[in-house]
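Chain and residue survey
In case you want the letters, here they are:
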Number of protein chains: 2
Amino acid sequence: MAVSMRDVAQLAGVSQRTVSNVVNDYQFVRPETRERVQQAMETLGYVPNAAARSLRAGRTGMLALVIPNFEARYFADLAGAVIHEAETLGYTVLIEVSGASHDRELGVLAGGRSQLTDGAIMSALTLQQADEHLRRPGYPLVLVGDLVFEGPVDHVGIPNREAARTAVEHLISVGCRRVMLLGTENGPTTTSKLREQGYRETLEAAGLPVLPELLLDTEWGRQRGQDAIERFVASDIELPDGIFAMNDSLALGALRALRSAGLRVPEDVAVVGFDDVEEARFASPSLTSISPAVEEIARTAVRLVHEQITGRPARTATHVLVEYELKVRESTARQ
Amino acid sequence: MAVSMRDVAQLAGVSQRTVSNVVNDYQFVRPETRERVQQAMETLGYVPNAAARSLRAGRTGMLALVIPNFEARYFADLAGAVIHEAETLGYTVLIEVSGASHDRELGVLAGGRSQLTDGAIMSALTLQQADEHLRRPGYPLVLVGDLVFEGPVDHVGIPNREAARTAVEHLISVGCRRVMLLGTENGPTTTSKLREQGYRETLEAAGLPVLPELLLDTEWGRQRGQDAIERFVASDIELPDGIFAMNDSLALGALRALRSAGLRVPEDVAVVGFDDVEEARFASPSLTSISPAVEEIARTAVRLVHEQITGRPARTATHVLVEYELKVRESTARQ
DNA sequence: ATGAAAGCGCTAACAA
DNA sequence: TTGTTAGCGCTTTCAT
């Protein structure tokens, strides 16, 4: 068995209480006593037992972050930012990868394995309104990305519709008249729905038709994007002169397919992505993309869980939409 | 206060022991009793308290993973793989980002905040032999990547020297005679030293001179790689006909710099990277790279901590070097 | 198949 | 300023 406070107290000839005081930097401990206790801790190699402390204090100092996967660079970025922000408030982050599985997302909701966390930040993909009652009562939760519950949940997201509108307006402004939407129908998420709405609205506002053959269903992966565009090019449908991809992976895949088909970007086809992952800057041509301020999303989310953890429980739900920005790069630089 | 086992026991009219049995799927519980207890748990919304369980059991079911950062895609990949592997053994992973700071790496060694973990997997960058005595005794630790301690520590890495040799041999085999090494002197790590050794050995074995002007010092970032090559091209030193970059970020940066300088890859300069991150496959030209089998590294590391956690403490240290593979792609496809 | 009860290591209320 | 002590919620040994 590891050495406990009792052992230290015994060796130092003080009470457990005093040891606790020293460990927790309690003000009123006589320097000589403190010295003696520290000496004893050193000798014994004492390390406080966090489980016991948590049990007693009712807090663990840990936050759960639930993301669908690690492959999409966006989630790795989000994780990095959340870890960084959490640290400034003294939390450690425990990451759970849901694999976009409904069961596993439910598991978190119900308090599953992350039992050791004081709260969770969750990027849910498959949760439904109907799942809300499974939410463990009193367990601080912040949703990031899609807003899957109508009920009172803190949420931080980005204005998907507006952002999509900005992207498509940009394509039109550089002369595109036949704009493709790449990545519709990606599972049961509302994200794609919102972005599609933005796309439709913009075309309509510009007096352009929404052509069903330019709405390409694909999962949001790079290879998928590449495949979809390759198939499209091989078909005899007239090519688009602009592509709005639902995320950067799709866009980067598209870039590659277009190039290998001998099409020039942006001269023949202009491309806009979404997420502004690091690679977008370095791709060639570099990719115009919607940049969603991951740091701010992380900061806000962490702040919100922290408020729930420390604050009065009966707070009303907060919804935050963070800024976004269109980064114009080579993939749309024409005229 | 949350509902505890006692409450459930009371409502179900059984003892705490029985509730515990139900929760832990103990075999010998009468179906009707089990039913009644589950009913009570449902009604009360009972959730087991993990802190108490950990305190009692002496294990938390969590592993710490310490990585220098999240920006380098390699570490994100590693994290993903570790999380996946850990899960199969029932662990949850807590990620700590050290920022390559010596203090923070020491903190982990000493048992710092990750007190709640049963063991740690660590990709240490700044640890020194001298730090070893700070290691918390009995705390399971596996080093990944560089081997920083001489002492008895489990370690899983890749044969850096051999891999570097393979890379440079490949460059020579496609006709390179003036091979640059990009990314020497990257902090106090032994990784770069080993790869440099491999580089030198190979040149010598091929009867080629090791030219100091072809050893480029840079940090291992993309922008850094790009800048370094741009500077080199702008200088009046004769250009290399092959580049071995210490990692893919550097290589991808180099690719970009070469292209904007009007040089063709692989015709004018062939390029090999290290790590085989996803992007290497999708870059254009796609990047030849050393692929270090991250999954296997992760699997091995997790297996080793697990053995330490469950096994007899006096096991001797294990050192594992996992396989690597040279993925030949467009960036060296000449002849 | 189930009950009673002893702690795991720590914090904090109460005393002194 | 420090000592004493009651639990936090759970697992598990010993009974029954």
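Heads up: these notes are all about the structure in this document. Values in this document were obtained by computation on a predicted structure and should not be read as measured data.

Rules behind the numbers
- Residues numbered from 1 in each chain as written.
- Chains lettered and ligands numbered in written order.
- Predicted model: local features only at pLDDT ≥ 70, side-chain atom pairs only at ≥ 80, totals over all residues.
- Heavy atoms only, no water.
- Helix = DSSP H or I, 4+ residues; strand = E, 2+ residues; numbered from the N terminus.
- Rg over C-alpha atoms; globule rule 2.2 N^0.38 Å.
- Contact = heavy atoms within 4.5 Å.
- Lys, Arg positive; Asp, Glu negative; His and termini not counted.
- Charge placed at Lys NZ, Arg CZ, Asp CG, Glu CD.
- Buried area = accessible area lost by both parts, 1.4 Å probe.
- Salt bridge = Lys/Arg side-chain N within 4 Å of Asp/Glu carboxyl O.
- Polar contact = N/O pair within 3.5 Å; in protein donor to acceptor, adjacent residues only side chain to side chain.
- Nonpolar A, V, L, I, M, F, W, Y, C, P; charged D, E, K, R; others polar.
- Core = buried A, V, L, I, M, F, W, Y, C linked by side-chain atoms within 4.5 Å.
- Buried < 20%, exposed > 50% of the residue type's maximum accessible area, 1.4 Å probe, protein only.
- Pairing = 2+ DSSP bridges.
- Right-handed = clockwise from strand over helix to strand, strands pointing away.

**Things to note about the overall build of chain A**
Helix and strand counts for chain A come out as twelve helices and twelve strands. Against the globule reference of 20 Å for 335 residues, chain A gives a C-alpha radius of gyration of 26 Å, more extended than a compact globule. Each principal axis of the C-alpha distribution contributes one length, and for chain A these read about 85 × 40 × 30 Å. In chain A, the proportion of contacts linking residues at least 24 apart, taken out of those at least 6 apart, comes to 70%. Across chain A, the centroid of the 34 positively charged side chains sits 6 Å from that of the 45 negatively charged ones.

**Looking at the interface of chain A and chain B**
Of the residues lining the interface, 44 residues belong to chain A; the matching set on chain B comes to 44 residues. Summed over both partners, the interface of chain A with chain B comes to about 3,700 Å²; 58% of that surface belongs to carbon and sulfur atoms. Applying the counting criterion to the chain A and chain B interface returns two salt bridges. Notably, a salt bridge pairs Glu 330 of chain A with Arg 256 of chain B, separated by 3.9 Å at the nearest N-O pair. Applying the counting criterion to the chain A and chain B interface returns ten residue pairs in polar contact (both at pLDDT 80 or more). Elements represented by at least two residues in the side of chain A that touches chain B include exactly α4 (50–57), α5 (73–88), β2 (92–97), α9 (222–234), α10 (248–260) and α11 (278–282) of chain A. Looking at the side of chain A that touches chain B residue by residue, the class counts come to 20 nonpolar, ten polar and 14 charged.

**Quick look at the nonpolar core**
If you look at the biggest cluster of nonpolar residues, it comprises 150 residues, and the most contacted ones within it are Phe 70 and Ile 95 of chain A together with Phe 70 and Ile 95 of chain B. Beyond its immediate chain neighbours, meaning those up to four positions away, Phe 70 of chain A contacts Ala 76, Ile 95 and Val 97 of chain A together with Phe 70, Arg 73, Ala 76, Ala 79, Gly 80, Ile 83 and Ile 95 of chain B.

**What to know about the environment of Ala 167 of chain A**
Residues and elements named next belong to chain A. By secondary structure assignment, the location of Ala 167 is in helix α7 (residues 160–173). Accessibility expressed as a relative area gives 0% for Ala 167, which makes it buried. Placed 32 residues apart in sequence, Ala 167 and Tyr 199 show a C-alpha to C-alpha distance of 8.3 Å. In this structure, Ala 167 is in contact with Phe 244, Val 272 and Ile 290, ignoring residues within four places of it in sequence.

**Thoughts on the pairing of strand β1 (residues 62–67) of chain A**
For a regular strand, side chains alternate in direction, first toward one face of the sheet and then toward the other. All names here are of chain A. The buried fraction of β1 is high, at six of six residues. Burial of the side chains of β1 extends over both faces: Met 62, Ala 64 and Val 66 are buried on one face and Leu 63, Leu 65 and Ile 67 on the other. Here β1 runs beside β2; their pairing, made up of six bridges, is parallel. Residue pairing across strands places Ala 64 opposite Leu 94, the latter belonging to β2. The handedness of the β1 to β2 crossover, carried by α5, is right-handed.

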